[in-house]
Amino acid sequence: MRRTALAALCIAAAATFSLTGCLPGEDKSNEPFSGLSGGEIADKAVKATSDADSLRMKGEIQDDSAGGTINLDMALNKKGDCAGTIGMKDGKADLIKTGDTIYMKYDEAFLRAQGGGSSKEETDMIVEMLAGKWTKTSATAEDSKEMASFCDLDTVLADFEDTNSDAERGKTTTVDGTPAILLHEKDGKDRYTLSVATKGKPYLLRVVSKSAKEPGDMSFTDYNKPVPADAPKGKVIDLDKDLS
């Protein structure tokens, strides 16, 4: 699993984060963020989201280089802990990172899809050994660094920077019961819609990307809630030792 698909959606979100405002002459006194331009609302959303210690990201992104649609449901924090699932066209994997250890559990379809050029016998052996079983490896190992960075909220939010974009305020709505305002962005033929909370802190609640190359729909919830990154109980296969 590569981080690029997730980063792509975050970059799409970041691309909308310097927005411009309301139409002059309209009475916005009863609307959320009354008197603020789209850019000012976006600045608040960037700060609130970036200041969060943890959050949960759930949704899907199209990434042809990873084999199609990636389904993601992951809670992560700024300590580098994470817990959730990654699903692809063929199978899914459960992921937990706590401290310097990464735990993963793959289903059979996922393992067979990742078999690549391996023979049927080799793939069958891996499936028999690993399917449905928790494994662990060091998060500091060279081949684990990309996965470890995927679990770091600071790394994920690093793309939230000031940009020169031109978006419009949209209508008010609700996202999973939370009042929100929509912000619309155009970038060539690509279209992006952000939902920003209007109650409580102005957190980013949802990003819908209609990018031709990497469309996606991602929601952001569980701000500042503990990440359930507890090490699995029972037998765990140590990939650094058992398969070395």
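Please refer to the structure higher up on the page.
Residues numbered from 1 in each chain as written. Predicted model: local features only at pLDDT ≥ 70, side-chain atom pairs only at ≥ 80, totals over all residues. Heavy atoms only, no water.

## Notes on the pairing of strand E10 (residues 204-209)
And step 1. Burial analysis of E10 places 5 of its 6 residues in the buried class, the great majority of the element.
And step 2. Strand direction decides the pairing type here: strand E9 (residues 190-197) and E10, joined by 5 bridges, are antiparallel. In the strand pairing of E10, Leu-194 is matched with Val-207.
And step 3. Hairpin connection of E9 to E10: 6 residues between the antiparallel strands, including Gly-200 at a positive phi of 75°.
And step 4. Hairpin connection, E10 to strand E11 (residues 216-221): the antiparallel pair is bridged by 6 residues. (Buried < 20%, exposed > 50% of the residue type's maximum accessible area, 1.4 Å probe, protein only. Helix = DSSP H or I, 4+ residues; strand = E, 2+ residues; numbered from the N terminus. Pairing = 2+ DSSP bridges.)

## Focus: the state of the cysteines
And step 1. Evaluation of the coordinates by the stated rule reveals 1 disulfide.
And step 2. Here Cys-82 engages in a disulfide with Cys-151; their sulfurs sit 2.0 Å apart. Residue Cys-82 is located in strand E3 (residues 82-87), and its partner Cys-151 is located in the loop between helix H5 (145-150) and helix H6 (153-156); the two are separated by 69 residues in the primary sequence.
And step 3. Residue classification places Cys-151 among the buried residues on the basis of a relative accessible area of 0%. (Disulfide = S-S within 2.5 Å.)

## A look at the nonpolar core
One recurring pattern in soluble globular proteins is that nonpolar side chains are buried together.
And step 1. Of all hydrophobic cores here, the largest spans 47 residues; its most connected members are Met-74, Leu-76, Ile-86, Leu-95, Phe-150 and Phe-220.
And step 2. Here this core gets 4 residues from one element, more than from any other, and that element is strand E2 (residues 68-77).
And step 3. Those residues in contact with Phe-220 that sit more than four places away from it in its chain are Leu-55, Arg-56, Met-57, Leu-204, Leu-205, Arg-206 and Val-207.
And step 4. Core analysis: the second largest hydrophobic core is formed by 7 residues, Ala-75, Ala-83, Ile-96 and Val-227 among them. (Core = buried A, V, L, I, M, F, W, Y, C linked by side-chain atoms within 4.5 Å. Contact = heavy atoms within 4.5 Å.)

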